[in-house]
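Spelled out, the chains give:
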Amino acid sequence: MKTHAVLPFLVGLPQISIPSDPAQSLAKAEEFVHQAARLGAQVVCLPELFRSQYFCQHEDPEFFALAESIPGPSTEALGRVAREEGVVVLASLFERRGPGVYHNTLAIIDADGSLLGVYRKMHIPDDPGYYEKYFFAPGDTGFRAFDTRFGRIGGLVCWDQWYPEAARLTALRGALALFYPTAIGWHPEEKDRFGEEQQDAWVTVQRGHAVANGVYVAVVNRVGHEVPPGGGPGIEFWGNSFVAGPMGELLCRASADKEEILLAEIDPARLETVRQHWPFFRDRRIDAYGGITSRYLGDEA
């Protein structure tokens, strides 16, 4: 096992719009990783499913052609960039694991270009415009943390953002920061009525994960209004990528509609200090949490 890094490191979050052509999307992602590295980033996380526009708006079997193996073309290309720049890259991909078995998978590439491992998205949504259960099998990796060149980090994906269990279990594995590559936005017809409260809930719950676990939380979203080939209102992705510190403080936050690269420092010493003063891990009643593995407890006598 590698020794955990104790020095601060800089994370970079490229908030980008996604081209319709997958080859262009990969080239754009590579360029933004280069840019982030040249700005000083040491760990760069790309948005969810950055190789294509968000295809889960319709249940269409033609979109399975977008899937790729891991290792595969994307990890090879980004591995070269990681090696050239000496950065860690987190890449969310549509994984073809085997015939008829597909996952929404986060690949973690170390700064030498090697593939450290993968996390397969555990929570799969099925909502209007987000028909992911049609495309993705539930993840089976469990919640993981990875020892990179710069520190131990955890990777989760989008819908995982709403689950405190996912954040807790990843933090318990020693992650200094939780990364959430994301593709989330508004249904245009709902934006005026529900948009503000939806976005506030999204930010609030993730800042809560940072506080409850004494960790950094880094969230990267896409921007742009994407209308699928089959038509429909599409999704207006709301950007607002951000990094929260271990007290829930917002270290940086992006705009709603612009491409930009966020930078923020992850300081293990800060995390240690916060946990000393707010010792939530110390005071957890691990003997009393058995019910958390039940679907529901309200109908018990």
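First, a word on what this report is: a plain description of the structure on this page. Here the structure is a predicted model, which is why all the values come from computation and not from measurement.

Remarks on the overall build of the protein chain
What the protein chain contains, in helices and strands, is six helices and 17 strands. A compact globule built from 301 residues would reach a C-alpha radius of gyration of about 19 Å, and the protein chain, at 19 Å, matches this within 12%. The dimensions of the protein chain, computed from C-alpha atoms along their principal axes, are 55 × 50 × 40 Å. In the protein chain, buried positions account for 52% of the 301 residues. Of the contacts formed within the protein chain by residues at least 6 apart in sequence, a portion of 70% connects residues at least 24 apart.

Details of the nonpolar core
Counting residues in each nonpolar core, the largest one holds 64 residues, and the members touching the most others are Val43, Leu90 and Phe179. Broken down by element, this core gets its largest block of residues, five residues, from strand 12 (residues 216-220). Non-local contacts of Phe179, meaning those with residues more than four positions away in its chain, are made with Val11, Leu13, Val43, Cys45, Leu90, Ile153, Gly154, Gly155, Leu156 and Ala218. Among the nonpolar cores identified, the runner-up in size contains 25 residues, and Ile16, Val44, Ile70 and Val87 belong to it.

Quick look at the pattern of salt bridges
Across all of its chains, the model carries 15 salt bridges by this definition. Salt-bridge contacts for Arg38 lead to Glu85; the nearest nitrogen and oxygen are separated by 3.2 Å. Note that Arg38 is positioned in helix 1 (residues 22-38) and Glu85 in helix 2 (residues 73-85), a separation of 47 residues in sequence. Exposure remark for Arg38: the relative accessible area of 59% places this residue in the exposed category. Look at Glu85 and you get partly exposed, because its relative accessible area is 23%. Here Arg285 and Asp287 are joined by a salt bridge, their closest N and O atoms 2.7 Å apart.

A short note on the sheet that holds strand 12
With mixed pairing, six strands are arranged side by side in an open sheet as 8-9-10-12-15-16. Of all the strands in the sheet, just strand 8 (145-147) and strand 16 (250-253) have a single pairing partner and so form its edges. Direction aside, neighbouring strands of the sheet carry axes that sit 20 degrees apart on average. In terms of strand pairing, strand 15 (residues 242-244) meets strand 16 through three bridges, oriented antiparallel. Note that in strand 16 the partner of Val243 across the bridge is Cys252. Each of strand 8, strand 9 (152-155) and strand 10 (177-181) touches helix 4 (residues 164-172); the most contacted strand, strand 10, lies at about 135 degrees to it.

What about helix 6 (residues 268-277)?
Residues Pro268, Leu271 and Val274 constitute the buried set of helix 6. The arc enclosing the buried residues of helix 6, seen along the axis, measures out at 120 degrees, which places them on a common side. Opposite the buried face of helix 6, at more than 90 degrees from it, the exposed residues are Gln276 and His277. Summarising the contacts, the buried residues of helix 6 are in contact with strand 17 (260-266).

A short note on the layout of surface pockets
By volume, the largest pocket amounts to about 640 Å³. What lines the largest pocket is a set of 18 residues, among which Pro164, Glu165, Leu169, Ile292 and Thr293 lie closest to the centre. Among the secondary structure elements, those contributing two or more residues to the lining of the largest pocket are helix 4 and helix 5 (191-213). Top element by residues in the lining of the largest pocket is helix 4. It accounts for six residues. Roughly 330 Å³ of volume is contained in the second largest pocket. In terms of residue class, the lining of the second largest pocket is made up of ten nonpolar, four polar and four charged.

Concerning the side chain of Asn221
With respect to the helices, strands and loops of the structure, Asn221 is situated in the loop between strand 12 and strand 13 (223-226). Of the residues examined, Asn221 reaches a relative accessible area of 0% and is grouped as buried. Beyond its immediate stretch of four places on either side in the chain, Asn221 contacts Gln15, Ile16, Pro47, Thr182, Ala183, Ile184, Trp238, Gly239 and Ser241.

So, the packing of helix 1 against helix 2
It is at 10 Å that the axes of helix 1 and helix 2 come closest, and there the two elements cross at 20 degrees. Classified by the angle between their axes, helix 1 and helix 2 sit roughly parallel to one another. As helix 1 packs across helix 2, the resulting crossing turns out to be right-handed. On helix 2, the residues touching Leu26, Glu30, Val33, His34, Ala37 and Arg38 of helix 1 are Ser74, Ala77, Leu78, Val81, Glu84 and Glu85.

Quick notes on the state of the cysteines
Scanning the model with the defined rule gives zero disulfides in all. For Cys45, which is in no disulfide, the shortest distance to another cysteine sulfur is to Cys158 and amounts to 12 Å.

Concerning the sheet that holds strand 4 (residues 101-109)
Read across the open sheet, the six strands follow the order 5-4-3-2-1-17; overall the sheet is mixed. Among the strands making up the open sheet, the edge pair consists of strand 5 (115-120) and strand 17. The sheet shows a mean angle of 30 degrees between the axes of neighbouring strands, direction not considered. Two strands pair when backbone bridges link them, and strand 1 (residues 9-15) and strand 2 (residues 43-45) are joined in this way by two bridges, in the parallel orientation. Considered in strand 2, the bridge of Val11 is made with Val43.

The rules we used
- Residues numbered from 1 in each chain as written.
- Predicted model: local features only at pLDDT ≥ 70, side-chain atom pairs only at ≥ 80, totals over all residues.
- Heavy atoms only, no water.
- Helix = DSSP H or I, 4+ residues; strand = E, 2+ residues; numbered from the N terminus.
- Rg over C-alpha atoms; globule rule 2.2 N^0.38 Å.
- Buried < 20%, exposed > 50% of the residue type's maximum accessible area, 1.4 Å probe, protein only.
- Contact = heavy atoms within 4.5 Å.
- Core = buried A, V, L, I, M, F, W, Y, C linked by side-chain atoms within 4.5 Å.
- Salt bridge = Lys/Arg side-chain N within 4 Å of Asp/Glu carboxyl O.
- Pairing = 2+ DSSP bridges.
- Axes fitted to C-alpha atoms, helices over the stretch in contact; angles between N-to-C directions.
- Arc of directions from axis to C-beta.
- 1 Å grid on protein atoms, 1.4 Å probe; cavity = no way out; pocket = protein on both sides within 12 Å on 5 of 7 lines; lining within 4 Å.
- Points joined across faces, edges and corners; volume = space filled by probe spheres on them.
- Nonpolar A, V, L, I, M, F, W, Y, C, P; charged D, E, K, R; others polar.
- Parallel < 35°, antiparallel > 145°, perpendicular 65-115°, else oblique.
- Left-handed = near helix turned anticlockwise from the far one by under 90°.
- Disulfide = S-S within 2.5 Å.

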